[in-house]
Amino acid sequence: MEEIFFLDGKRIETPPALRALFYGEGVFESFRWKGRAPVFLSMHLERMRRGARFLGIPFPSESAVRLHIEKSAAKAKGEDLHLKACLLGDGDTVFYSRPQIASLFVSVKHRVQPPKSVSVCVCGQRRSAKNRLFSHKTLNYLENVLAKRQALENGFEEVLFLDTDGNVAETSCHNVFWVKEKKLFTPSSECPVLPGVTREIILRLAARIGYETASGSFSIEELLSSDYVFLTNAVAGIVYVSGVDGDALSPPPGGYEILRKSLFFELGW
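What counts and how
- The residue count restarts for each chain, going from 1 along the sequence in the order it is written.
- It should be noted that, the model being predicted, local features are given only for residues of pLDDT at least 70 and side-chain atom pairs only at 80 or more, the latter also being counted only at that level, while totals for whole chains, interfaces and linings use all residues.
- Side-chain figures throughout are based on the complete set of non-hydrogen atoms in the structure, without hydrogens or water.
- Segments assigned H or I by DSSP are reported as helices when at least four residues long, segments assigned E as strands when at least two residues long, and all are numbered from the N terminus.
- Buried means the residue's accessible area, taken with a 1.4 Å probe over protein chains only, is under 20% of the maximum for its type, while exposed means over 50%, and partly exposed covers the values in between.
- The criterion used for residue contact is that any of the two residues' heavy atoms lie within 4.5 Å.
- Here the accessible surface of atoms and residues is derived via Shrake-Rupley with a 1.4 Å probe, and residues count as covered only by protein chains that are part of the display.
- Think of each axis as a best-fit line through the C-alpha atoms, taken over the contacting stretch in the case of a helix, with angles from 0 to 180 degrees between the N-to-C directions.
- What sets the label is the angle itself: under 35 degrees gives roughly parallel, over 145 gives roughly antiparallel, 65 to 115 gives roughly perpendicular, and the rest give oblique.
- Crossing chirality is assigned from the near helix's rotation relative to the far helix, an anticlockwise turn below a right angle marking it left-handed and a clockwise turn marking it right-handed.
- Residues were grouped as follows: Ala, Val, Leu, Ile, Met, Phe, Trp, Tyr, Cys and Pro as nonpolar; Asp, Glu, Lys and Arg as charged; and all remaining residues, including Gly, as polar.
- Residues enter patches when they are more than 30% accessible in relative terms and free of salt bridges; like-charged ones are connected within 9 Å and nonpolar ones (Val, Leu, Ile, Met, Phe, Trp, Tyr) within 5 Å.
- One speaks of a salt bridge when a side-chain nitrogen belonging to Lys or Arg is within 4 Å of a carboxyl oxygen belonging to Asp or Glu.
- We call Phe, Tyr and Trp rings a pair once their centres come within 6.5 Å, taking the six-membered ring for Trp, and we label the pair stacked below 30 degrees between planes, edge-to-face above 60, and tilted otherwise.
- Criterion for a charge above a ring: Lys NZ or Arg CZ within 6 Å of the ring centre, and within 35 degrees of the ring normal.

Sorry, what's going on with the overall build of the protein chain here?
Looking only at helices and strands, one finds seven helices and 14 strands in the protein chain. Principal axes of the C-alpha set define a box for the protein chain whose edges measure 65 × 40 × 30 Å. In the protein chain, which comprises 269 residues, the share counted as buried stands at 49%. Expressed as a percentage of contacts within the protein chain between residues at least 6 apart in sequence, the contacts between residues at least 24 apart total 69%. Accessible surface, the protein chain as shown: approximately 13,900 Å² in total, 54% of it carbon and sulfur.

So this is what it looks like as C-alpha cells:
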C-alpha cells in the first residue's frame, strides 16, 4: 500500500516538507530586517549552505534564496522586522533516506525590542563537544526550547549551556562573550556552539578597537570572574548579562557601550 496521510482525520494528498516535519531535517537563519537586507546576509546564506550540505539537503542558488527572502520582506511592509528563513528537506519518509528536494519557508513578523540586559541560569544538562549538530542552525531545536522554557519558569530570561567538561558553550539562542581587562573571550567553534554571524563581527570589531581576542574552551569560573559578560545574535544584536544563577554581575561599563555602538554601526542599525 502506498503511504497516505491524514490531518485531524482528513486525508491530505500532498503534504509539504515531510522530512522536515517528521525528522526536523532542515536549517534556518534568523535576522533583523531594518528596512533592507542585513549587511551580512551573504554570511547567513553561506552558513545555511553549510548546514544543508551537512544534512544532505539540496541547496538552491544563493540568488534564488535571497530573492525569496527579499520578496517576503517586501510583502510584509514593515520597517523593523524579525525574519526567519527555513530550508526544509523533503522526499520519502524512510528515516535514513536522503532528502531529494528542498523548499524555502519564510516567516516575517515585527521585531520585538530586546531587553538591555538578561539574567541567566546554568543548564543542568551538558552538551557533548563531539556532537556536530550544534555547529549548524538546524530545526532540531527542542533541547533549546525546553531549557529556555525551564529558565523562564524559574525566573530567568536565558539559559547557559555547558559542555560535558563544564566549559561554557552558548545560550538557547545567543553566543556568549566576556571581557577581562582588555581581553575578549568566547567559546571556540570546536565547542558545542553555533558559529554565529554576529559573533564573527564582534571578534573582528574587538580586534580593531584594541581588544585582544581569545577563543577556546573556558570554564564557567572564568566567565564569572570576568569584568562583564554579554550575548549576541542577529536579531537582538548585543545584550548585557546582569547575573548568573541569581548572583548579580557588574553593571555595563564604558567598554561595553563602545562595543555595542560599534556593532550597531557595523550592522547599519
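Just to check I follow, could you spell out the packing of helix H5 (residues 197-208) against helix H7 (residues 254-267) for this structure?
Two measures define how a pair of helices packs: the angle their axes make with one another and the distance between the axes. At a minimum axis distance of 10 Å, the contact between H5 and H7 shows a crossing angle of 120 degrees. Relative to H7, the element H5 is oriented oblique. With respect to the hand of their crossing, H5 and H7 are arranged in right-handed fashion. The segment H5 lies against H7, with Thr 198, Ile 201, Ile 202, Leu 205, Ala 206 and Arg 208 engaging Leu 259, Ser 262, Leu 263 and Glu 266. The residue inventory of the contact of H5 with H7, partitioned by class, reads six nonpolar, two polar and two charged.

Sorry if this is basic, but what is going on with the environment of Arg 47 here?
Note on placement: Arg 47 falls in helix H2 (residues 41-55). Residue classification places Arg 47 among the buried positions, given a relative accessible area of 6%. Sequence separation between Arg 47 and Leu 194 is 147 residues; the distance between their C-alpha atoms is 9.9 Å. Ignoring anything within four residues of it in the chain, the contact list for Arg 47 reads Glu 29, Lys 137, Leu 194, Pro 195, Gly 196 and Val 197.

Any chance you could explain a nonpolar patch on the surface here in plain terms?
On the surface, Leu 21, Phe 22, Tyr 23, Val 94, Phe 95 and Tyr 96 cluster together into a nonpolar patch covering about 680 Å² of accessible area. The class for Phe 95 is exposed, based on a relative accessible area of 62%.

Honestly, the packing of aromatic side chains in this entry has me stumped. Any pointers?
By convention here, two paired aromatic rings are described through the distance between centres and the angle between planes. In total, this model carries 13 aromatic pairs according to the counting rule given. Ring geometry for Phe 22 and Tyr 23: centres 5.9 Å apart, planes at 85 degrees, overall edge-to-face. According to the relative accessible area criterion, Phe 22 is partly exposed, its value standing at 40%. Centroid distance Phe 177 to Phe 230: 5.2 Å. Interplanar angle 10 degrees. Geometry classified as stacked. With Phe 177 in strand E9 (residues 175-180) and Phe 230 in strand E12 (residues 228-233), this pair connects stretches of sequence that are 53 residues apart. Judged on exposure class, the residue Phe 177 and its partner Phe 230 are both buried. Among the aromatic residues, ring-to-ring pairing joins Phe 177, Tyr 228, Phe 230, Tyr 240 and Tyr 256 into one connected group. Directly above the aromatic system of Trp 269 lies the positively charged group of Arg 32, at a separation of 4.5 Å from the ring centroid.

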